[in-house]
Amino acid sequence: MRFSQVDVFTDTLTLGNPVAVVHDAEGLDESRMQAFARWTNLSETTFLLPPTQAGADYRLRVFTPGGELPFAGHPTLGSARAWLAAGGLPANPGTVVQECAVGLVPIRLDETVAGRAAFAAPPLRRSGPVDDATGERLTRAVGVPADRVQAAQWVDNGPGWAALLLATA
């Protein structure tokens, strides 16, 4: 099994956000992918696969040590970088199109700075205020007193994210 570890959001080794990227992952079943993600013990490990949707350059599965995510930001950028470095050629120059569980994600390659890329976040799968019980769990998890929270809202485009608006920093 060939894999790369990519340091995302930096050009200086060990200062970014790491992601493990497994190349040529066809033939690995979900349990093997999950086991490998647990072994890397990184926030995310990705698996590059042939695309199944028209218009995609490759398909990506994203795993944390605890389970699969339909989408995640830094793994999207790091996996595109690893795919390109391994010889991947996008169908449309200047844009890599990644297929993942939330659909197709176009990744724009910056022609002025080598290695720089950007994408628009996929549409939210869930939005609106969180319920009181979830709000209480969130404030406990981050150690913020409930009276400091002005609002709690879903901002979920795949990983299940919610945001807390605090009265002050």
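Residues numbered from 1 in each chain as written. Predicted model: local features only at pLDDT ≥ 70, side-chain atom pairs only at ≥ 80, totals over all residues. Heavy atoms only, no water.

1. Considerations on helix α2 (residues 73-85)
Counted only if it meets this: A run of H or I in DSSP counts as a helix once it spans at least four residues, and a run of E counts as a strand once it spans at least two, with each numbered from the N terminus. Multiply 1.5 Å by the residue count of a helix minus one, and that product is the helix's expected span. When accessible area is computed with a 1.4 Å probe and restricted to protein chains, residues below 20% of their type maximum are described as buried, those above 50% as exposed, and intermediate ones as partly exposed.
Its 13 residues give α2 an end-to-end C-alpha distance of 19 Å, which sits within 8% of 18 Å, the value for a rise of 1.5 Å per residue. Where burial is concerned, most of α2 is hidden: 10 out of the 13 residues are buried. Restricting attention to buried positions, one finds in α2 the residues Gly73, His74, Pro75, Thr76, Leu77, Gly78, Ser79, Ala80, Ala82 and Trp83. Phi turns positive one or two residues past the end of α2, at glycine 87, with a value near 105°.

2. Some thoughts on the nonpolar core
Soluble, globular proteins show a tendency: their nonpolar side chains are buried together. We count it as follows: Note on terminology: a nonpolar core comprises buried Ala, Val, Leu, Ile, Met, Phe, Trp, Tyr and Cys residues joined through side-chain atoms within 4.5 Å. When checking whether two residues touch, look at their non-hydrogen atoms; a contact exists if any pair is within 4.5 Å.
Formed by 19 residues in total, the largest nonpolar core has its most connected members in Val6, Val21, Leu48, Tyr58, Val96 and Ile107. Of all the secondary structure elements, the ones that give two or more residues to this core are β1 (3-8), β2 (17-22), β4 (58-64), α2, β6 (95-100) and β7 (103-109). No other element matches the four residues that α2 contributes to this core. Residues in contact with valine 96, not counting those within four places in the same chain, are Asp57, Tyr58, Ala80, Trp83, Leu84, Pro90, Val105, Pro106, Ile107 and Leu109. Grouped together as the second largest cluster of nonpolar side chains are nine residues, Val22, Met33, Phe47 and Leu49 included.

3. Describing the pattern of salt bridges
Between side chains of opposite charge, a pair can form when the charged atoms approach closely. The line we're drawing: Put simply, a salt bridge is a Lys or Arg side-chain nitrogen that is within 4 Å of an Asp or Glu carboxyl oxygen.
For the structure shown, the criterion picks out five salt bridges. Arginine 61 is the partner of glutamate 30 in a salt bridge, and the nearest nitrogen-oxygen pair spans 3.1 Å. Of the two residues, glutamate 30 is situated in helix α1 (residues 30-40) and arginine 61 in strand β4; the sequence distance between them amounts to 31 residues. Looking at glutamate 30, the relative accessible area reads 47%, which means it is partly exposed. When the shortest N-O distance is used, the salt bridge between glutamate 68 and arginine 61 registers 2.7 Å. Since its relative accessible area comes to 18%, arginine 61 is described here as buried. A network of salt bridges, in which partner residues are shared, links Glu30, Arg61 and Glu68.

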